Amino acid sequence: MNELRDVLEQCATRLTRFRQQHQRIGEQNTKNALIEPVIAALGWDVYDLDEVHREYRRRGSDNPVDYALLLLRTPRLFIEAKGLGENLDDPRWANQTISYATSAGVEWVALTDGAEWRVYNAHAPVPIEQKLFRSVGLERSLTEAVELLSLLSKDNMRDNRIEELWKGFFVDRQVHAELVELFGGGEPAPELVALLDQRLSKLNRDDIRASLMRARATFDFPSATSPQPPPQPKSHLAPASPPPLPTTSSAVSDVPQPRSHAAGGATRQGPKRRVSDEERRLKLSDLIRVGRLRPGAKLYGRYLGQQHTAELLSDGRIRYGEDVYNFPSGAGEAVKIAIHGAEISDSRKATDGFEFWEAEDARAGDIVSLKEIRRRAATGAIE
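Residues numbered from 1 in each chain as written. Predicted model: local features only at pLDDT ≥ 70, side-chain atom pairs only at ≥ 80, totals over all residues. Heavy atoms only, no water.

Here we take up the overall build of the chain. What the chain contains, in helices and strands, is 14 helices and 14 strands. Per-residue burial for the chain yields a buried fraction of 49% across its 383 residues. In the chain, of all internal contacts separated by at least 6 residues, the share reaching a separation of at least 24 is 59%. (Helix = DSSP H or I, 4+ residues; strand = E, 2+ residues; numbered from the N terminus. Buried < 20%, exposed > 50% of the residue type's maximum accessible area, 1.4 Å probe, protein only. Contact = heavy atoms within 4.5 Å.)

Remark: the centre distance and the inter-plane angle together describe each pair of aromatic rings, the angle taken between the planes. Under the counting rule described, the total for this entry stands at seven aromatic pairs. An angle of 80° between the planes, with centres 6.0 Å apart, marks the rings of Trp-108 and Trp-166 as edge-to-face. Here Trp-166 lies in helix H6 (residues 161-183) and Trp-108 lies in strand E4 (residues 108-112), a separation of 58 residues in the sequence. Here Trp-166 falls in the buried class, since its relative accessible area comes to 5%. A cation over an aromatic ring shows up here: Lys-82 above the ring of Trp-93, its NZ or CZ 3.8 Å from the ring centre. Against the face of Trp-93 rests Arg-92, its NZ or CZ located 4.5 Å from the ring centre. (Phe/Tyr/Trp six-rings, centres within 6.5 Å; stacked < 30°, edge-to-face > 60°. Lys NZ or Arg CZ within 6 Å of the ring centre and 35° of its normal.)

With that settled, the discussion passes to helix H3 (residues 91-104). Between the first and last C-alpha of H3 there are 20 Å, a value that for 14 residues agrees with the 20 Å anticipated at 1.5 Å per step. Within H3, burial applies to Trp-93, Ala-94, Thr-97, Ile-98, Tyr-100 and Ala-101. Along the axis of H3, the buried residues cluster in a sector spanning 160°; they form a single face. Facing away from the buried side of H3 by more than 90 degrees, the exposed set consists of Pro-91 and Arg-92. Residues of H3 that are buried sit in contact with strand E1 (52-56), strand E2 (65-71), strand E3 (74-81), E4 and strand E5 (116-121). (Expected span 1.5 Å × (residues − 1). Arc of directions from axis to C-beta.)

Although it is not a glycine, Leu-72 adopts a positive phi angle of roughly 50°. Relative to the helices and strands, Leu-72 resides in the loop between E2 and E3. Its relative accessible area of 84% is what places Leu-72 among the exposed residues. In this structure, Asn-160 is a non-glycine residue whose phi angle is positive, near 60°.

The next point concerns the environment of Glu-129. Relative to the elements of secondary structure, Glu-129 occurs in the loop between E5 and strand E6 (132-137). Here Glu-129 falls in the exposed class, since its relative accessible area comes to 60%.

Looking now at the packing of helix H1 (residues 2-20) against helix H2 (residues 26-41). The geometry of H1 relative to H2 is characterised by a closest axis approach of 9 Å and an angle of 175° between their N-to-C directions. By the angle class used here, H1 and H2 are roughly antiparallel. Where H1 abuts H2, its residues Glu-3, Leu-4, Val-7, Leu-8, Cys-11, Arg-14, Leu-15 and Phe-18 lie against Ala-33, Leu-34, Pro-37, Val-38 and Ala-41. (Axes fitted to C-alpha atoms, helices over the stretch in contact; angles between N-to-C directions. Parallel < 35°, antiparallel > 145°, perpendicular 65-115°, else oblique.)

We now examine the packing of H1 against helix H4 (residues 142-149). H4 packs onto H1 with a crossing angle of 130° between their chain directions and a minimal axis gap of 10 Å. Relative to H4, the element H1 lies oblique. Between H1 and H4 the crossing geometry is right-handed. Contact residues: H1 offers Leu-4, Arg-5, Leu-8 and Glu-9, while H4 offers Leu-142, Thr-143, Ala-145, Val-146 and Leu-149. Of the residues in the contact of H1 with H4, the class split is six nonpolar, one polar and two charged. (Left-handed = near helix turned anticlockwise from the far one by under 90°. Nonpolar A, V, L, I, M, F, W, Y, C, P; charged D, E, K, R; others polar.)

So, on to the pattern of salt bridges. Evaluated as defined, the whole model comprises 30 salt bridges. Glu-372 is the partner of Arg-375 in a salt bridge, and the nearest nitrogen-oxygen pair spans 2.8 Å. Residue Arg-375 and its partner Glu-372 are both found in helix H14 (residues 370-379); the two are separated by three residues, about one turn of the helix. Each of the salt bridges in this network shares a partner with another, and the network as a whole consists of Arg-292, Asp-361, Asp-366, Glu-372, Arg-375 and Arg-376. (Salt bridge = Lys/Arg side-chain N within 4 Å of Asp/Glu carboxyl O.)

Here we take up the nonpolar core. Formed by 47 residues in total, the largest nonpolar core has its most connected members in Leu-8, Val-38, Ile-39, Trp-117, Phe-133 and Leu-152. Excluding its chain neighbours within four sequence positions, the residues that come into contact with Leu-8 are Val-38, Leu-138, Leu-142, Ala-145, Val-146 and Leu-149. Membership of the second largest hydrophobic core comes to 23 residues, among which are Leu-287, Tyr-320, Phe-354 and Trp-357. (Core = buried A, V, L, I, M, F, W, Y, C linked by side-chain atoms within 4.5 Å.)

With that settled, consider the sheet that holds E4. Strands sit in the order E1-E2-E3-E4-E5-E6 across an open sheet of six strands; the sheet is mixed. The outermost strands of the open sheet, each flanked by one partner alone, are E1 and E6. Strand-to-strand twist in this sheet, taken as the mean axis angle between neighbours without regard to direction, amounts to 20°. Here E5 pairs with E6 via five bridges, running antiparallel. Paired with Tyr-120 across the bridge in E6 is Leu-132. Where H2 meets the sheet, it contacts E1, E2, E3, E4 and E5, and its direction lies at approximately 20° from that of E2. Running at roughly 170° to E3, H3 makes contact with E1, E2, E3, E4 and E5 of the sheet. (Pairing = 2+ DSSP bridges.)

Below, the discussion takes up the side chain of Asp-361. Looking at the secondary structure, you find Asp-361 in the loop between strand E13 (358-360) and strand E14 (367-369). Not counting chain neighbours up to four residues away, the residues in contact with Asp-361 comprise Arg-292, Asp-366, Ile-373 and Arg-376.

Positionally, Lys-131 belongs in the loop between E5 and E6. When sequence neighbours within four positions are dropped, the list of residues in contact with Lys-131 reads Ile-98, Val-119, Tyr-120, Asn-121, Ala-122, His-123, Ala-124, Val-126 and Trp-166.

Put into structure tokens, the structure is as follows:
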């Protein structure tokens, strides 16, 4: 792909000149100076309508897409061009091209203003904002631009190389999200605590939770355009400043059921929502400090058809029965132990305490899960 690199270097030089001269060159000049040279360098014959069709319409009534790149007269890639300096973040541009590609049966879409290229998988079964495969800027990294744009070459599109890499990227992204969910700061995932508790027999669960809350984890995946298969992700745990350990307590009493749960416990229906790092960092003491929870508030947890009540102490700890717990998960596990006995398996005992317990949101006045109250505090919702 030496020819492609040479052309991209020329385009980058032109970009520098245009920006220094504060030129707004418009869409047509952007196509001529910055986009069509790249298409040609990728092996597409820009003079052959059976390979590069400008202002392509599948039907006469359709709005045209700037370029359709075809193999055997069948569109394989749509390119939507914007004038240099146009705001590619405007959702209209990607939305309209991806929607058109979906209806036309075209899987791959590129959006570009000549300086930045964004490549989307129109057929990916995810919301439109997650269809983005990769984005590169000629002025940021020519190497990355060559890596990504080379996937759009005539030969690579014929061999469907981009599809192979997309599959790995798609899986990696989901695995990465779950790893972040497991290792993220704040209240750690109960199944992770249970696993470490099994492997670290000399530590107790509260110590393990506290350690995970002090840890920062990052996960390295290879570039989606790397030719080698992705290795197993590696986690790098770096000590953070230890958060102050909260203190907890709780008591059992009979109160009205605030909200119905699934029969097996506090599991709620609906799609799993990503929890932001900002949310995870919030502890119960933080929710008290910002006025979302009141000291002495009752916490409600339902498990196997039984309602359990705990008490939130002023320092963020929870009292359940005669014992005090540092974390909501510990108090939730205590409920399960009270019902099944100490012989309960670790996997069954594992509990997401922020999901298990409900309380009144002191600002909104409704009874919802601690996780929802934490989300509202992080986003400023229902102020």
